[in-house]
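# Observations on the three-dimensional arrangement
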Amino acid sequence: MLFRSAAILLDSKIDDTSRNEAANLLRRSGYAGLTDDLIKVLDSPDERERFRAFSVQQLSVNAEDAATKDKAKITDRLRAALQDRHLKVRREALLALVRMGDEEGKRRAVAWLTTKDGDGARDIAVRCIEDLDLRDQIPALRK
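Residues numbered from 1 in each chain as written. Predicted model: local features only at pLDDT ≥ 70, side-chain atom pairs only at ≥ 80, totals over all residues. Heavy atoms only, no water.

Along its length, the protein carries 9 helices and 0 strands. If you list the helices and strands of the protein from N to C, you get α-α-α-α-α-α-α-α-α. Taken over the C-alpha trace, the protein has a radius of gyration of 16 Å; the compact-globule value for 143 residues is 15 Å, and the two agree within 12%. Structurally, the protein occupies a C-alpha span of about 55 × 30 × 20 Å along its principal axes. The burial tally for the protein puts 45% of its 143 residues in the buried class. Contacts in the protein between residues at least 24 apart in sequence constitute 54% of all its contacts with a sequence separation of at least 6. Accessible area for the protein stands at about 7,900 Å²; split by element, carbon and sulfur atoms hold 49% of it. Taking the average place of the 28 positive charges on the side chains of the protein and the average place of its 26 negative ones, the gap between the two points comes to 2 Å. (Helix = DSSP H or I, 4+ residues; strand = E, 2+ residues; numbered from the N terminus. Rg over C-alpha atoms; globule rule 2.2 N^0.38 Å. Buried < 20%, exposed > 50% of the residue type's maximum accessible area, 1.4 Å probe, protein only. Contact = heavy atoms within 4.5 Å. Areas by Shrake-Rupley, 256 points an atom, 1.4 Å probe, with all protein chains shown as cover. Lys, Arg positive; Asp, Glu negative; His and termini not counted. Charge placed at Lys NZ, Arg CZ, Asp CG, Glu CD.)

Time to look at helix H6 (residues 87-99). Helical geometry note: an α-helix holds 3.6 residues per turn, so side chains three or four residues apart project in the same direction. Taking 1.5 Å as the rise per residue, H6 with 13 residues should run 18 Å; its terminal C-alpha atoms sit 19 Å apart, in good agreement. Residues of H6 that are buried include every one of Val89, Ala93, Leu94, Leu95, Ala96, Leu97 and Val98, and no others. Tucked inside the fold, the buried residues of H6 contact helix H3 (34-43), helix H4 (49-63), helix H5 (68-81), helix H7 (103-114) and helix H8 (122-131). In the stretch just after H6, glycine 101 is the one whose phi turns positive, near 80°. (Expected span 1.5 Å × (residues − 1).)

Another aspect to go through is the packing of H4 against H5. Two elements in contact, H4 and H5, have axes separated by 10 Å at closest approach and are oriented at 145°. Relative to H5, the crossing made by H4 is left-handed. Across the interface between the two elements, Arg52, Val56, Leu59, Asn62 and Ala63 of H4 pack against Lys71, Ile74, Arg77 and Leu78 of H5. Here the residues of the contact of H4 with H5 are counted per class, giving 5 nonpolar, 1 polar and 3 charged. (Axes fitted to C-alpha atoms, helices over the stretch in contact; angles between N-to-C directions. Left-handed = near helix turned anticlockwise from the far one by under 90°. Nonpolar A, V, L, I, M, F, W, Y, C, P; charged D, E, K, R; others polar.)

It is worth spelling out the packing of aromatic side chains at this point. Per the counting criterion, the structure on display carries 1 aromatic pair. Between the aromatic rings of phenylalanine 51 and phenylalanine 54, the centroid separation amounts to 6.1 Å while the plane-to-plane angle is 75°, which identifies the pairing as edge-to-face. Of the two residues, phenylalanine 51 and phenylalanine 54 both sit in helix H4, 3 residues apart, roughly one turn of that helix. The same class applies to phenylalanine 51 as to phenylalanine 54, namely buried. The ring of phenylalanine 51 carries the charged tip of arginine 19 above its face, separated from the ring centre by 3.9 Å. (Phe/Tyr/Trp six-rings, centres within 6.5 Å; stacked < 30°, edge-to-face > 60°. Lys NZ or Arg CZ within 6 Å of the ring centre and 35° of its normal.)

This is the structure we're talking about:
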């Protein structure tokens, strides 16, 4: 059953909902290869933006119970996703890193609030600033 679910997760021709449910099943089942499979999805040029964003969400949830080795892989991949070609992936990566308490996520949220890099993601930066309770950023928020 796990092999079939992993195959579904990795098949870009299958609809996003089924693939997302396969990832949920794999996580609940304790599938050890989930982090690597989600990273494969993110790294695949055949993947669409929507499912790649789902994969970032899945990595974030997987990080909560992941082994130390996998947590480091997840954090590194999420940091790299801040530069991704797809806006939805960048947005989800920022949110995930901030929720994980990552310093790069915090730094990037502040940068996206005030620079051109935040175009299309400023609302997520505002949300992250609020979640982080960065009161020193109130003047930038008011602008």
